[in-house]
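# Secondary and tertiary structure notes
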Amino acid sequence: MKSDNVVVLNRVEPRPGGRREPIGVLDIGTTKMCCLIARPRAGAFELLGASHQLAEGLRAGEIVDVEAVEASIVAVVHEAEQQAGQTLRDVVLGVAAGRPHSRRAPIEIEIGHRPVTAADLSRALTHAQAEARTGGVEVLHALPVEITLDGGQPLRDPCGMIGGRLRVDVHLICAAAAPIHNLVAAVERCHLEVAGVVAAPYA
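Below, the structure is looked at part by part. Values in this document were obtained by computation on a predicted structure and should not be read as measured data.

## Thoughts on the overall build of the protein
In terms of regular secondary structure, the protein is built from 3 helices and 12 strands. Considered along the principal axes of its C-alpha atoms, the protein spans approximately 55 × 40 × 30 Å. Of all 203 residues assigned to the protein, the portion counted as buried reaches 44%. Restricting to contacts in the protein with at least 6 residues of sequence separation, those with at least 24 account for 69%. Only carbon and sulfur atoms are counted for the fraction: they give 52% of the accessible area of the protein, which is about 10800 Å².

## Things to note about the environment of leucine 47
Looking at the element boundaries, leucine 47 is found in strand 5 (residues 44–54). Looking at leucine 47, the relative accessible area reads 55%, which means it is exposed. Along the sequence, leucine 47 and proline 22 sit 25 residues apart, while their C-alpha atoms lie 9.2 Å from each other.

## Quick look at the pairing of strand 8 (residues 90–95)
Burial within strand 8 is extensive, with 6 of its 6 residues counted as buried. Burial along strand 8 is two-sided: the face carrying Asp90, Val92 and Gly94 and the face carrying Val91, Leu93 and Val95 are both buried. Bridging between strand 8 and strand 12 (residues 193–199) involves 6 bridges; their strand directions are parallel. Paired with glycine 94 across the bridge in strand 12 is valine 198.

Parameters and conventions
Residues numbered from 1 in each chain as written. Predicted model: local features only at pLDDT ≥ 70, side-chain atom pairs only at ≥ 80, totals over all residues. Heavy atoms only, no water. Helix = DSSP H or I, 4+ residues; strand = E, 2+ residues; numbered from the N terminus. Buried < 20%, exposed > 50% of the residue type's maximum accessible area, 1.4 Å probe, protein only. Contact = heavy atoms within 4.5 Å. Areas by Shrake-Rupley, 256 points an atom, 1.4 Å probe, with all protein chains shown as cover. Pairing = 2+ DSSP bridges.

Written out as structure tokens, the structure reads:
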């Protein structure tokens, strides 16, 4: 997760359907922390362990006392692990810190009159994130909400359709980068890897 003391945040992606090892979720709010451990099973999840406690060392979801925050993380994760009979290696982190907000960003890319591919859509989302990730802003989610080709009608799935210019209206969920990075670093100092970061309101 770290490179040259900069935390690089992963975006949460769907896990492969064959995965059956437990998944850990750690939600860090303003007043409490929750940890859930579940196992994928038959298109759903089986809850193995759950715990919650007061979030010490936080104010408005941001760290004001590092030692207190780390002690709270260790305690809430340990309790969930005891219930589940499992030891977590990584967690998906739910956060409300950093004054999360959302906005819509239109992105247009040249296709060159060839069939649209999934890589084109991914490129559009990457462009939207790169443009928004300025001035200490971190992009937590980039969600396509409307896709058109050459100014035509909105498309459900443009892949395979031929056109010259692809437009994707992207819904970005952003937050101040420093508070998010500090929370990720605190979790990692508790010997957990952060597999992804999710804005709590979106989750």
